[in-house]
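Single-letter residue listing:
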Amino acid sequence: MLEVMHCGLCHSDLSMIGNHWVVSRYPLVPGHEVIGRVTAVGEGVDPGLIGDVRGLGWISGSCNHCSLCLGGDQNLCTSLEATIVGRQGGFASHVVGIGGLGHIALQFARAWGCEVTAITTNLAKAEQARRFGAHHVEELEMLPDLQSRFDLVINTVNHPLDWSAVMASLRPRGRLHQLGAVLEPIQVGAFDLIPARRSITGSPTSSPASLQKMVEFCVRHNIRPLVEHLPMDQVNVAIQRLAKGDVRYRFVLDA
Ligand SMILES: [Zn+2]
Ligand SMILES: [Zn+2]
């Protein structure tokens, strides 16, 4: 059990509040980016953890005995338990975060040594995008002009795009990796894929082992989220501002 100290506010929290994914159960306590202090442990868990500061993400549990779990892919377990689906999330006691995937992705890509382009609808974010590591910043509406430019497009946007233009922006063997939870089908033609061997992939939150590596990578390369702190009792202000996209780049609610 965690006593919440801080919790990020994510667009997924808004989707759960509005039941956009048709899995919400009310009363709903959102919040799945939790930092907290361990106050109690269940059966079979090391009591030495009590008092430690730990994180909790989207996934709160998996079966730990299927082949996926035993192979380290707990995040793909078919018996996965989510922190805020049918249980209480971190707003119960402390934090919040937002629209924050993209600004972290830029920093990772730069640290990996890629030539990085940020694509945005809002050129006011260009200067900041360069500070996060983008070599180039392009406007979304210019995408049709960017033919065969990218090896990998990481899309964190959760509404429909001009998918053919996205695919055409990929080099041969290029890949669109979808992270934004767009509800409408992603419409692409067979010929967006076949001649240049392009592909489309997606992924959920990471396995525990990968998350550990990512945190170590962040420490090594000084990758940090840019956050705006608000006290937990301002959670409704944060939710309203997040819904309008008015946050740079994630809210953290402090308990
Ligand atoms: Zn989230
Ligand atoms: Zn499992």
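For clarity, every value in this text was computed on a predicted model and none was experimentally measured.

Peer 1: Explain the coordination of the zinc ion (ligand 1) here, please?
Peer 2: In an ideal octahedron of six donors the angles at the metal are 90 or 180 degrees, and in an ideal tetrahedron of four donors they are 109.5 degrees. Distances from the zinc ion (ligand 1) to its protein donors, Cys10 (SG) and His32 (NE2), fall at 2.1 to 2.2 Å. Of this pair, Cys10 sits in the loop between β1 (2-9) and α1 (11-17) while His32 sits in the loop between α1 and β2 (34-38); the two residues are 22 residues apart in sequence, bridging distant segments of the chain. With relative accessibility at 10%, the residue Cys10 sits in the buried group. Residue classification places His32 among the buried residues on the basis of a relative accessible area of 5%.

Peer 1: Before we go on, may I ask you to explain the sheet that holds strand β8 (residues 150-155) in this structure?
Peer 2: Backbone hydrogen bonds are what pair the strands of a sheet, in a parallel or an antiparallel way. Spatially, β8-β9-β10 is the arrangement adopted by the three strands of the open sheet, whose pairing is parallel. Two strands in the sheet have a free side with no partner beyond their single neighbour: β8 and β10 (199-202). Going across the sheet, the axis of each strand differs from the next one's by a mean of 20°, ignoring polarity. Note that strand β9 (residues 170-178) and β10 share four bridges and pair parallel. Residue pairing in the sheet places Arg175 in a bridge with Ser199 of β10.

Peer 1: It is not clear to me how unusual backbone geometry should be interpreted in this structure. Could you clarify?
Peer 2: Negative phi values dominate among residues other than glycine, just as trans dominates among peptide bonds. Across the junction of Tyr26 and Pro27, the peptide omega takes the value 0°, indicating a cis bond. Relative to the elements of secondary structure, Pro27 occurs in the loop between α1 and β2. Phi is positive for Asn19, close to 55°, though the residue is something other than glycine. Counting through the fold element by element, Asn19 comes out in the loop between α1 and β2. At Arg173, a position not held by glycine, the phi torsion is positive, near 65°. Secondary-structure assignment places Arg173 in strand β9.

Peer 1: Can you walk me through the domain arrangement of the chain in this structure?
Peer 2: The parts lose accessible area when they come together, and the size of an interface is often stated as this lost area. Along its sequence, the chain is organised into domain 1 (2-99 + 225-254) and domain 2 (101-202). Spacing between the C-alpha centres of domain 1 and domain 2 amounts to 27 Å. Listed as interface residues are eight residues of domain 1 and, on the opposing side, 11 residues of domain 2. Summed over both partners, the interface of domain 1 with domain 2 comes to about 840 Å²; 57% of that surface belongs to carbon and sulfur atoms.

Peer 1: How do you make sense of the side chain of Ser24 when you look at a structure like this?
Peer 2: Considering the arrangement of structural elements, one finds Ser24 in the loop between α1 and β2. What makes Ser24 buried here is its relative accessible area of 12%. Here Met16 takes part through its backbone oxygen, which lies 2.6 Å from a polar atom of the side chain of Ser24. When near neighbours in sequence (up to four residues on either side) are disregarded, Ser24 contacts Ser15, Met16 and Asn19.

Peer 1: I'm lost on a nonpolar patch on the surface in this one. Help?
Peer 2: The grouping of Leu101, Leu152, Ile154 and Leu179 at the surface amounts to a nonpolar patch, some 310 Å² of accessible area in total. Following the sequence through the fold, Leu101 ends up in helix α3 (residues 101-111).

Peer 1: Explain the coordination of the zinc ion (ligand 2) here, please?
Peer 2: Distances from the zinc ion (ligand 2) to its protein donors, Cys63 (SG), Cys66 (SG), Cys69 (SG) and Cys77 (SG), fall within 2.3 Å. Coordination at the zinc ion (ligand 2) is tetrahedral, judged from the four donor atoms that bind it and the angles of 104 to 118° they form at the metal. Every donor residue of the zinc ion (ligand 2) comes from the same chain, spaced as C-x2-C-x2-C-x7-C. On the criterion of sequence distance, the pair formed by Cys66 in the loop between β4 (59-61) and α2 (67-70) and Cys77 in the loop between α2 and β5 (81-82) is long-range, its members being 11 residues apart.

Peer 1: Just checking my understanding: could you explain α3 for this structure?
Peer 2: One full turn of an α-helix is made of 3.6 residues, so residues set three or four places apart face in the same direction. All buried positions along α3 are accounted for by His103, Leu106, Gln107, Phe108 and Ala109. Directly after α3, the chain includes Gly113, whose backbone phi takes a positive value near 95°.

Peer 1: What should I look at first to understand the confidence of the model for the chain in this one?
Peer 2: Do not read the predicted coordinates in detail wherever pLDDT is low. In this model, the chain carries a mean pLDDT of 90, and residues with pLDDT of at least 70 account for 96%. Note on residues 93-99: pLDDT is under 50 here. Beyond four places in sequence and across chains, it has 51 contacts.

Peer 1: Whenever I open this one, the sheet that holds β1 confuses me. Can you help?
Peer 2: Taken in spatial order, the five strands make up an open sheet running β3-β2-β1-β12-β11, and their pairing is mixed. Edge positions in the open sheet fall to β3 (53-56) and β11 (227-231), since each of these has one partner strand only. For this sheet, the mean angle separating the axes of adjacent strands, direction not counted, is 25°. Taken together, the five bridges between β11 and strand β12 (residues 250-254) define a ladder with parallel strand orientation. The partner of Val227 across the bridge, within β12, is Arg250. Set on the sheet, helix α8 (residues 235-243) makes contact with β1, β11 and β12; between it and β12 the angle comes to about 175°.

Conventions adopted
- Residues numbered from 1 in each chain as written.
- Chains lettered and ligands numbered in written order.
- Predicted model: local features only at pLDDT ≥ 70, side-chain atom pairs only at ≥ 80, totals over all residues.
- Heavy atoms only, no water.
- Donors = N, O, S within 2.8 Å, 3.2 Å for Na, K, Ca; no water.
- Helix = DSSP H or I, 4+ residues; strand = E, 2+ residues; numbered from the N terminus.
- Buried < 20%, exposed > 50% of the residue type's maximum accessible area, 1.4 Å probe, protein only.
- Pairing = 2+ DSSP bridges.
- Axes fitted to C-alpha atoms, helices over the stretch in contact; angles between N-to-C directions.
- Domains from an automatic or database assignment.
- Contact = heavy atoms within 4.5 Å.
- Buried area = accessible area lost by both parts, 1.4 Å probe.
- Polar contact = N/O pair within 3.5 Å; in protein donor to acceptor, adjacent residues only side chain to side chain.
- Patch = residues over 30% accessible without salt bridge, like charges linked within 9 Å, V, L, I, M, F, W, Y side chains within 5 Å.
- Areas by Shrake-Rupley, 256 points an atom, 1.4 Å probe, with all protein chains shown as cover.
- Salt bridge = Lys/Arg side-chain N within 4 Å of Asp/Glu carboxyl O.
- Tetrahedral: all angles 85-135°; square planar, octahedral: opposite > 155°, others 65-115°.
- pLDDT = per-residue confidence, 0-100.

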